[in-house]
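# Observations on the model geometry
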Amino acid sequence: MSAVKEKRQFSSTMRSTNSAFLPAQESAQRPVRVAFVLHEHFSLMAFTAAVDVLVTANLVRNAPVFAFTAYGLDTLAVKSDLGIDIAAGGRLEQLQVTADDHPDVLMVCGGFRCSLAMDPTLDRKLREADRHRVILGGLWNGAVALAHAGVLDNKSCALHRDNHAYMRETFANVRVSDRTFLVEDNRATSAGAVSALEMMLALTSHFQNRDTVRAIEEILSCDRVADQGRADLLQPPNEPELPELLQSLLQVMGANIEEPLTIEELATASGVSRRRIERLFQTHLDTSPSRYYLELRITHARRLLLQSGESIANIAAACGFVSSTHFSHCYKDYFGVSPSLARAQRG
């Protein structure tokens, strides 16, 4: 079985996000609870993009590391911007926000046609959540509700550009950012559907390790659209902010999955020292070259394992592992289950 060149995506906005936030967690004891409050005519794309990250995190970790519930302001069926009714898990008044029982994240979902008026119940819930250090966020123009509640005073936020003027005029103490999303100061806000996914990835990095976030990115960013709508599924990353040398090294790694090169061979081929390669990976990707290469191969193996009928031995060989046993150990260490169990669970 020949190796396939796989695309590896990195979110530049995620890497540059302000890190002033809650300490990272691994959610070993219970899932991180995320509550979404849906305004009528909320952006369905923004909501599903955010939820997709949470669901994919659970799949990657083979455990419920996130749990989410949607709440309507006063109904159990909320009409989205596409005219599709979404069933909520409860009305907003049913959302518990006390010292002993509260979500870890409370996200307000707005949209192009959503009302910008203050809702008394939502206003109260947001203030209570802020007192209990709940992470507060907004999708599209959901940040307006946070501003009404006063929980954005002297803080920055991202929201849809159509609402920038309103926010600046109405809330003088709120700093409106030109960025598409922000995750800082215990707040997570985004301006639209695409940035909702990027924002949730950045937020996930505060609860899960970088390996998990990269695995989620690998799954959700595999169909990034290139020029003229063509999706380059099998190309290496082309992030302009990454140094050209690093991009070149990533391309070489992606092209050598079945027969991985040593770091010394990469150094010789690129004409630089091993030390320089290690510094590049640590500085720009926050990992080592060998760890990145292993992630690249193990995630490629996961695709083959779940999407093909090839034997585990053949998949191990196709992804550059010296034996099925070595592959199984690496796979279980990375995904939490053995390859055979992962295949058995796919149905």
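Counting starts from 1 at the beginning of each chain's written sequence and moves along it residue by residue. A pLDDT threshold of at least 70 governs which residues receive local features in this predicted model, and a stricter bar of 80 or more applies before side-chain atom pairs are shown or counted, although totals over entire chains, interfaces and linings include all residues. Heavy atoms throughout the structure, all of them, feed into the side-chain values; hydrogens and water do not.

## Thoughts on the overall build of the chain
A helix here means a DSSP run of H or I that spans at least four residues, while a strand means a run of E at least two residues long, and both kinds are numbered starting from the N terminus. The helix and strand inventory of the chain stands at 14 helices and eleven strands. In the chain, buried positions account for 51% of the 347 residues. Here, two residues are considered to be in contact whenever any of their heavy atoms come within 4.5 Å of each other. Put simply, of all contacts in the chain between residues at least 6 apart along the chain, 67% involve residues at least 24 apart. Buried means the residue's accessible area, taken with a 1.4 Å probe over protein chains only, is under 20% of the maximum for its type, while exposed means over 50%, and partly exposed covers the values in between.

## Quick word on helix α11 (residues 289-307)
Quick reminder: α-helices carry 3.6 residues per turn. Residues three or four places apart thus point the same way. Given the number of residues in a helix, its expected span is that number minus one, multiplied by 1.5 Å. For α11, spanning 19 residues, the distance from its first C-alpha to its last is 27 Å, which sits close to the expected 27 Å at 1.5 Å a residue. In terms of burial, α11 is largely enclosed, as 14 of its 19 residues are buried.

## Some points on the packing of aromatic side chains
Here the aromatic set is Phe, Tyr and Trp, taking the six-membered ring for Trp, and pairing holds for ring centres within 6.5 Å; pairs whose planes are under 30 degrees apart are stacked, those over 60 apart are edge-to-face, and all others are tilted. Using the criterion set out here, one finds ten aromatic pairs in the structure. With centroids separated by 5.1 Å and ring planes inclined at 50°, the aromatic side chains of Phe321 and Phe327 adopt a geometry described as tilted. Residue classification places Phe327 among the buried residues on the basis of a relative accessible area of 0%. Judged by centre distance (4.8 Å) and plane angle (45°), the rings of Tyr331 and Phe335 are tilted. You can see Tyr331 and its partner Phe335 sitting in helix α13 (residues 324-335), four residues apart, about one turn around the helix. Neither residue differs from the other here; Tyr331 and Phe335 are each classed as buried. Over the ring of Phe321 we find Arg297; its NZ or CZ atom is 4.3 Å from the centre of that ring. The lysine or arginine in question, Arg302, covers the ring of Phe335, its NZ or CZ lying 5.2 Å from the ring centre. Sitting over a ring, as applied to charges here, requires NZ of Lys or CZ of Arg to be within 6 Å of the ring centre and within 35 degrees of the ring normal.

## Some words on the pairing of strand β11 (residues 187-190)
Residues of β11 alternate between two faces, with Arg187 and Thr189 on one and Ala188 and Ser190 on the opposite face, all of them buried. When DSSP finds two or more bridges between two strands, those strands count as paired. Where strand β7 (residues 135-139) meets β11, three bridges bridge the pair, whose relative direction is parallel. Looking at the pairing, Gly137 lines up with Ala188 of β11. As paired strands, strand β10 (residues 181-184) and β11 are joined by four bridges and run antiparallel to one another. Bridge pairing links Glu184 to Arg187 in β11. Adjacent in sequence and paired antiparallel, β10 and β11 are bridged by two residues, among which Asp185 carries a positive phi angle near 50°.

## Notes on the pattern of salt bridges
Whenever Lys or Arg places a side-chain nitrogen within 4 Å of a carboxyl oxygen from Asp or Glu, that contact is recorded as a salt bridge. Applying the stated criterion across every chain, the model contains 15 salt bridges. Of the charged contacts, one joins Arg30 and Asp104 as a salt bridge, the two residues approaching to 2.9 Å between their closest N and O atoms. Taken together, the residues Arg30 in the loop between α1 (12-15) and β1 (32-38) and Asp104 in the loop between β5 (90-91) and β6 (105-109) connect sequence positions 74 residues apart. For Arg30, a relative accessible area of 44% corresponds to the partly exposed category.

## Observations concerning the nonpolar core
We define the nonpolar core as a collection of buried residues of types Ala, Val, Leu, Ile, Met, Phe, Trp, Tyr and Cys that are connected through side-chain atoms lying within 4.5 Å of one another. One finds Phe36 and Phe47 to be the most contacted residues of the largest nonpolar core, which totals 76 residues. The element contributing the most residues to this core is helix α2 (residues 44-61), with ten residues. Sequence-distant contacts of Phe36, defined by excluding residues within four places in its chain, comprise Phe47, Ala50, Val51, Leu54, Phe68, Thr69, Ala70, Tyr71, Met107, Cys109, Leu139 and Met200. Formed by 27 residues, the second largest nonpolar core is a distinct cluster that contains Leu122, Val144, Ala149 and Met167.

## Re the confidence of the model for the chain
Values of pLDDT, which run from 0 to 100, indicate the predictor's confidence residue by residue. Averaged over every residue, the pLDDT of the chain is 84; residues scoring 70 or more account for 85%. By mean pLDDT, the top-scoring element of the chain is β6 (98), and the lowest-scoring one is α1 (32). Taken as a whole, residues 223-238 scores under 50 in pLDDT and shows 33 contacts with residues more than four places along the chain or in a different chain.

## With respect to the packing of α2 against helix α7 (residues 210-220)
Throughout, an axis means a line fitted to C-alpha atoms (over the contacting stretch in the case of helices), and angles, computed between N-to-C directions, take values from 0 to 180 degrees. Here α2 crosses α7 at 115°, and the two axes come no closer than 9 Å. The interaxial crossing formed by α2 with α7 has right-handed handedness. Along its contact with α2, which presents Asp52, Val53, Thr56, Ala57, Val60 and Arg61, the element α7 presents Thr212, Ala215, Ile216, Ile219 and Leu220. Ten residue types, Ala, Val, Leu, Ile, Met, Phe, Trp, Tyr, Cys and Pro, are classed as nonpolar, four, Asp, Glu, Lys and Arg, as charged, and the remainder, Gly among them, as polar. For the contact of α2 with α7, a count of residues per class yields seven nonpolar, two polar and two charged. Left-handed describes a crossing in which the near helix is turned anticlockwise from the far one by less than a right angle; the clockwise case is right-handed.

## So, the environment of Ala88
Structurally, Ala88 is set in the loop between β4 (85-87) and β5. Take Ala88: its relative accessible area is 13%, and that puts it in the buried class. Non-local contacts of Ala88, meaning those with residues more than four positions away in its chain, are made with Ala70, Tyr71, Gly72, Thr75 and Leu76.

## Thoughts on the side chain of Ser156
Mapping Ser156 onto the fold places it in strand β8 (residues 156-157). Look at Ser156 and you get buried, because its relative accessible area is 17%. Looking at Ser156, its side chain comes within polar contact range of the side chain of Arg175, at 3.2 Å. We call two N or O atoms a polar contact when they sit within 3.5 Å, provided that within protein one can donate a hydrogen and the other can accept it, with sequence-adjacent residues counted only if both atoms are side-chain atoms.

## Concerning the sheet that holds β6
Strands sit in the order β5-β2-β1-β6-β7-β11-β10 across an open sheet of seven strands; the sheet is mixed. Edge positions in the sheet fall to β5 and β10, since each of these pairs with one other strand and no more. Bridging between β6 and β7 involves five bridges; their strand directions are parallel. Looking at the pairing, Met107 lines up with Gly137 of β7. The strands touched by helix α3 (residues 120-131) within the sheet are β1, β6, β7 and β11, with β6 carrying the most contacts at an inclination of about 150°. Sitting on the sheet, helix α6 (residues 193-204) is in contact with β1, β2 (66-72), β6, β7, β10 and β11, with an inclination near 15° to β10.

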